[in-house]
Amino acid sequence: MPLFCDVALAVPLDLVFTYAIPPGMEPVVGGRVLVPFRQHRLSGIVVELHDRPPQVKTKRVVEALDLSPVLDQHLLKLGKWIADYYLAPVGEVFRTMLPLAAEFKRAIAYRITDEGRMALHLAGMSGSPARSKRTPEQQLVEFRVLDYLAERESVRAERLRGATRVGKALLAGMVRKRWIAREDVSAARDAARVVKVAVLLGVEAAEASPPLDGRVARPHTGKTKKLNENQRTLIETLAAAGGRLPVEALRGLDVPRTTLGTLVRRGLIELVDEPLDFTASGVKLSTLKPRQSPFEFEFSSAQKAALAKIAEAVAARKFGGLLLHGITGSGKTAVYLACMREVLEQGRSSILLVPEIGLTPAVAADLHQVFGDEVAILHSGLSDAERAEQWHRIRRGEARVVAGTRSAVFAPVGDLALIIVDEEQDSSYKQEETPRYHARDVAVMRAKMAGAVVALGSATPSLESYYNAKKHKYALLELPDRVEMRPLPEVEIIDMRQEFQETGQEQVISRKLAEEIRERLEKKEQVMVLLNRRGYSPVVLCRACGKTLQCKNCAVSMTHHKRERKMECHYCGHVAHIPDKCAHCGSEYVYFVGTGSEKLEELLHGMFPQARIGRLDRDTVRGREDFEHALNALNEGALDMLVGTQMIAKGHDIHGVTLVGVVGADMALGLPDFRAAERTFQLLTQVAGRAGRGQVPGKVVLQTYFQDHYAVQFAARHDFAGFYEKELQFRAWMHYPPYSAIANVLIRSQKLDDALTWSGELGRWFEKTRHEGIRVLGPAAAPITRLKRDYRYHFILKSPSREKMNALLRAMLAEAAARKIPRTQLIVDVDAVWLM
């Protein structure tokens, strides 16, 4: 019986900790244990059992939490590789791999009180929560918290803080004012999985006598009372839905959130808890609309060849890498599903990765249609308990088909045969916090360790993946045509410089795009319009002194959100009042510059008042269901036009869309990022691919100020190969990927002097250290010099040898530790995709 165990803890230290095993306790390698660490008790993963006594006095393991490993030998090996390659503490890697925090922790939750509802009601009338000693910014945050809690029974603290960006001190103050109540809840409560449903009392009367005169029968009393317009809208919506709808579904209505509470108090509506319609696959069946089977049409010869090639690689039961390059609408999803079906018929397992939660519902609908309850879904939109349940289903072998976002690459499937990475070029696969792994590359390594096949799919592959395929590291599979030989959309480029010269004023919507939209609306066809910028106006400028309203925490301009009457920083979430005068010079000549998706929606409503227009961006998508509601509305013909950011650009198969307008998608070309052209080409190609996916040919109107840029020209011609060759020349000249590996080393501190001192010390160390074959650029101020109160300086390392660069980075971390530079203030991002 071993006397000691080495435990990996989720702390920012690059080492494991040795603990003594008490008599009678039998921890297992790969299992969790509870151990004392400083003044706390932490759970960790046992990585080794041994009899080697350490040089210092050891503490004892408190409890062995598992009888069998939660991470098998394959996943332990994968976790150690991630820690080594990305230079991340192994304990933090294992924590990321295991979604089991809900099983033994307790949590704090908050709910709104009657006093809070009254404060929210008064705020809606006066524009501020109530008389308060808080600053205007703090009052806005309080309003946001009350608004968020108003339609939810209870919200966990971490979710509330993430959604509203409220601090602990402000929450404590709201508890003291009795606006909200704090309660200690077990995370297991999520397992009950109930949803709040609004029920219209006396719905038969409401249906029999539509409330056109503003009166509705009040149940029990027989009395009637005047309803305002907002209340009528809500009542009529419920009546049309049969008298009951989830509260979340009512959030899409353009009425104040206090309206529902008013109708509840008047006895016209009742709120009840109902079991959540959550299937074994982790998807609400009530939200899944019937979809055309992906196998209803006959596979093209290219699809059959791709399917045969993947099936052959799977049958070989050894590692194989493939890149499936198929144009938009070429039927890549059907190939994925057919491959996964063959794998399942062999009794083996497969994983499908998608880049964003927003794509998960459509994927889940397809998978559920083909595989039923053999499917499990894993993504961050699920609660802790839901993720844990899905994880255990997979581990027990109840689900052999797994779909999800980047963390699904760690699913504990048995006999893994196939991993598919859809939209493999997407930057969402790169985690922007420790451990900073890239799910695509981790998928390749996991397949290699498991002797499985990995298939990367995209209409616009990353240059690195396509380069590897051209160098025969991956097998290249091509789908050059759309299904049923449908044509690619025609692309017309509008030079906005010429538009300005001819009209004499700055135009958001060009004359040509307006004409095309009008024509489509007359034909009862649907339109998508992309503007990859949130909010109403991105800049507030003083015309007197020329200064802009900057975030107090970041070196970026704050964005105007008109509907919510606020200024917001899109990086840290800081909120401020809309200024009526300049904070610097006091001038009243404050000017709102630029256009965001909210303003674009307003402009289109003014131009096409009869059109039904929806908007899809992070401001309208607050929960995992909002995305589905918007896309379902477009799919079912309830919307004529959808405006949005890049959320509308990828993966959506809406057959009614025949026109896509692109407004300002080339803005990214001005960013100081070597991937700017690649990202612009990918975004333009992807959004263009949303047009003409049905029987009617599509068209794209692309507005640009850079019409001669090669990224715009190649995107307009749907010419990936041409763009690849052109961009590859620049990458070779500048020693950027795929010709070199790259790492970004970021030094940050809330004190400018510390950031300067530490970056200077490391800069001098790099100068003195021999590092043959490695280019070190910096130190230099990061493009965004201050972010979330931290001043930021960085180095960029480039080398054709990953091994040499990894060794130099490890030596640098050792030097930083010797110089007492805190590990949390030094970020090492290997294979960085964001250098800002």
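Basis of the calculations
- Residue numbers here run from 1 along each chain, matching the order of that chain's written sequence.
- In keeping with the model being predicted, local features are shown solely for residues with a pLDDT of at least 70 and side-chain atom pairs are shown and tallied solely at 80 or more, while totals for entire chains, interfaces and linings include all residues.
- Hydrogens and water are ignored here; the side-chain numbers use all heavy atoms of the structure.
- Secondary structure elements follow DSSP: runs of H or I no shorter than four residues count as helices, runs of E no shorter than two count as strands, and numbering proceeds from the N terminus.
- Only protein chains enter the calculation, and the probe is 1.4 Å; a residue is then buried if its accessible area is under 20% of its type maximum, exposed if over 50%, and partly exposed in between.
- Contact between two residues is taken to exist if any of their heavy atoms lie within 4.5 Å; hydrogens are not considered.
- The method behind every accessible area is Shrake-Rupley, applied with a 1.4 Å probe, and residues are considered shielded solely by the protein chains displayed.
- Within 3.5 Å is the distance limit for a polar contact, defined as a pair of N or O atoms, with the added protein rule that one can donate a hydrogen and the other accept it, and that residues adjacent in sequence qualify only through two side-chain atoms.
- We call a pair of cysteine sulfur atoms a disulfide whenever their separation is within 2.5 Å.
- Buriedness for pockets is judged along seven lines, at least five of which must meet protein on both sides within 12 Å for an open set on the 1 Å grid over protein atoms alone, while cavities are sets there where a 1.4 Å probe fits but cannot get out, and lining residues have an atom within 4 Å of a point.
- Grid points are joined across faces, edges and corners, and a volume is the space filled by probe spheres set on the points.
- The classification used treats Ala, Val, Leu, Ile, Met, Phe, Trp, Tyr, Cys and Pro as nonpolar, Asp, Glu, Lys and Arg as charged, and all other residues, Gly among them, as polar.
- Nonpolar cores were defined as sets of buried Ala, Val, Leu, Ile, Met, Phe, Trp, Tyr and Cys residues, with membership established by side-chain atoms within 4.5 Å.
- One less than the residue count of a helix, multiplied by 1.5 Å, gives the span that helix is expected to have.
- Ring pairs shown here join Phe, Tyr and Trp side chains whose ring centres sit within 6.5 Å, with only the six-membered ring taken for Trp; geometry is labelled stacked below 30 degrees between planes, edge-to-face above 60, and tilted in between.
- The axes are straight lines fitted to the C-alpha atoms, using for helices just the contacting stretch, and the angles between their N-to-C directions are given from 0 to 180°.
- It is the rotation of the near helix from the far one that decides the hand of a crossing: anticlockwise by less than a right angle makes it left-handed, clockwise makes it right-handed.
- Only strands that DSSP links by at least two bridges are regarded as paired with each other.
- A side-chain nitrogen of Lys or Arg and a carboxyl oxygen of Asp or Glu constitute a salt bridge if their distance falls within 4 Å.
- The pLDDT value expresses, per residue, how confident the predictor is, ranging between 0 and 100.

### A short note on the overall build of the chain
No. 1: Per the secondary structure count, the chain includes 25 helices and 33 strands.
No. 2: The buried share of the chain, taken over its 836 residues, is 55%.
No. 3: Counting only contacts in the chain whose residues sit at least 6 apart along the sequence, the fraction spanning at least 24 positions is 75%.
No. 4: Total accessible area on the chain stands at roughly 37,400 Å², and carbon and sulfur atoms take up 50% of it.

### A closer look at the side chain of E499
No. 1: Summarising the element assignment, E499 is placed in helix α17 (residues 496-503).
No. 2: Separated by 2.9 Å, the side chains of E499 and R511 make a polar contact.
No. 3: E499 has contacts with I494, G504, Q507, S510 and R511, leaving out every residue within four places of it along the chain.

### Description of the state of the cysteines
Structurally, a disulfide amounts to a covalent bond that connects the sulfur atoms of two cysteines.
No. 1: Within the structure shown, the criterion is met by 0 disulfides.
No. 2: Residue C545 stays outside any disulfide, its sulfur separated by 3.7 Å from that of C542, the closest cysteine.
No. 3: Among the residues examined, C545 registers a relative accessible area of 35% and is labelled partly exposed.
No. 4: There is no disulfide at C585, and the cysteine sulfur nearest it, in C542, is 3.6 Å away.

### Examining unusual backbone geometry
No. 1: In this chain, P737 is followed by P738 through a cis amide linkage whose omega measures 15 degrees.
No. 2: Of note, P738 is situated in the loop between α23 (720-734) and β30 (741-749).
No. 3: Despite not being glycine, H735 has its phi angle at roughly 60 degrees, a positive value.
No. 4: Phi angles above zero are rare outside glycine, and K820 is one such case at about 65 degrees.
No. 5: Within the secondary structure, K820 is located in the loop between α25 (802-818) and β33 (826-830).

### Overview of empty space enclosed by the protein
No. 1: Across all of its chains, the model carries 5 cavities of 30 Å³ or more by this definition.
No. 2: Elements with a contribution of two residues or more to the lining of the second largest cavity: α3 (114-126) and α10 (258-265).
No. 3: Class assignment for the residues of the lining of the second largest cavity results in 3 nonpolar, 3 polar and 3 charged.

### A closer look at the nonpolar core
No. 1: Among the nonpolar cores identified, the biggest contains 115 residues, and L71, F94, L353, V662, L797, L809 and M812 are the most heavily contacted of them.
No. 2: If we skip the residues at most four places from it in the chain, L797 touches A741, I742, A743, V745, F766, I774, R775, V776, M805, L808 and L809.
No. 3: In terms of nonpolar packing, the next biggest core, distinct from the first, is built from 34 residues, L322, F371, V375 and L477 among them.

### A look at the environment of S380
No. 1: Turning to its location among the elements, S380 is positioned in the loop between β14 (375-378) and α14 (384-395).
No. 2: By relative accessible area, which is 54% here, S380 ends up exposed.
No. 3: C-alpha of S380 to C-alpha of G404: the two residues are 24 residues apart in sequence and 9.0 Å apart in space.

### Describing the side chain of E601
No. 1: Relative to the helices and strands, E601 is located in helix α19 (residues 597-607).
No. 2: The buried category is assigned to E601, whose relative accessible area is 16%.
No. 3: Of the polar contacts made by the side chain of E601, one reaches the side chain of R615; its length is 2.7 Å.

### Here we look at helix α12 (residues 332-345)
No. 1: For α12, built from 14 residues, the straight-helix expectation of 20 Å at 1.5 Å per residue is met to within 8% by its first-to-last C-alpha distance of 20 Å.
No. 2: Across the 14 residues that make up α12, a large majority, 10, are buried.
No. 3: Among all positions in α12, only K332, A334, V335, Y336, L337, A338, C339, M340, V343 and L344 are buried.
No. 4: Within two residues after α12, G347 carries a phi angle of roughly 75 degrees, on the positive side.

### Overview of helix α2 (residues 90-97)
No. 1: Burial of α2 is extensive: 6 of the 8 residues sit out of reach of the surface.
No. 2: All of the buried residues in α2 are V90, G91, E92, V93, F94 and M97.
No. 3: Against the buried residues of α2 lie β1 (4-9), β4 (40-50), α1 (73-85) and α14.

### Thoughts on the packing of aromatic side chains
No. 1: Under the defined criterion, the tally for this structure stands at 17 aromatic pairs.
No. 2: A ring pair is formed by W81 and Y86, whose centres lie 6.1 Å apart and whose planes are at 90 degrees; its orientation type is edge-to-face.
No. 3: Seen in terms of ring centroids, Y710 and F723 are 5.9 Å apart; in terms of plane orientation they differ by 25 degrees. Their pairing is stacked. With Y710 in helix α22 (residues 710-716) and F723 in helix α23, this residue pair connects regions lying 13 residues apart in the sequence.
No. 4: Overall, Y710 belongs to the buried group, its relative accessible area being 17%.
No. 5: For F723, a relative accessible area of 1% puts it in the buried group.
No. 6: What links up through ring pairs into an aromatic cluster is the set Y466, F681, Y710, F720, F723, Y724, F730 and W733.

### Focus on the packing of helix α11 (residues 301-315) against α12
No. 1: Between α11 and α12, the least distance of the axes is 10 Å, while the angle of their chain directions is 35 degrees. The hand of the α11/α12 crossing is right-handed. Seen from α11, the contacting residues are Q303, A306, L307, I310, A311 and V314; seen from α12, they are A334, V335, A338, C339, E342 and V343.
No. 2: Residues that form the contact of α11 with α12 fall into these classes: 10 nonpolar, 1 polar and 1 charged.

### Comments concerning the sheet that holds strand β24 (residues 575-576)
No. 1: Spatially, 3 strands are ordered β22-β23-β24 in an open sheet, and the strand pairing comes out antiparallel. Two strands bound the open sheet, and with one partner strand each, they are β22 (559-561) and β24.

### Some thoughts on the sheet that holds strand β16 (residues 416-422)
No. 1: Spatially, the 7 strands line up as an open sheet ordered β14-β15-β13-β16-β17-β12-β18, and their pairing is parallel. Each edge of the open sheet is held by one strand with a lone partner, namely β14 and β18 (475-479). In this sheet, adjacent strand axes meet at a mean angle of 20 degrees when their direction is disregarded.
No. 2: Alignment of strand β12 (residues 320-326) against β18, held across 5 bridges, turns out to be parallel. When the bridges of β18 are listed, G326 appears paired with L479.
No. 3: Along the sheet, α11 makes contact with β12, β16, β17 (453-458) and β18, crossing β18 at roughly 155 degrees.
No. 4: Contacting β12, β13 (349-353), β15 (401-404), β16, β17 and β18, α12 runs over the sheet at an angle of about 165 degrees to β16.

### A closer look at the pattern of salt bridges
No. 1: For the structure on display, the rule yields 38 salt bridges.
No. 2: Between D415 and R317 there is a salt bridge, with its nearest N and O atoms 3.9 Å apart. Of the two residues, D415 is situated in the loop between β15 and β16 and R317 in the loop between α11 and β12; the sequence distance between them amounts to 98 residues.
No. 3: Residue class for D415 comes out partly exposed when judged on its relative accessible area of 39%.
No. 4: For K523, the salt bridge is made with E519, and the minimal N-O distance between the two is 3.4 Å.
No. 5: In this structure K523 comes out as partly exposed when scored by relative accessible area, which is 48%.
No. 6: On the basis of relative accessibility, which here comes to 31%, the residue E519 falls in the partly exposed class.

### Details of the confidence of the model for the chain
Residues shown with low pLDDT carry predicted positions that ought not to be read at fine detail.
No. 1: Averaged over every residue, the pLDDT of the chain is 86; the share at 70 or more is 89%.
No. 2: Across residues 277-283, confidence stays below pLDDT 50; counting only partners more than four residues off in sequence or on other chains, it has 28 contacts.

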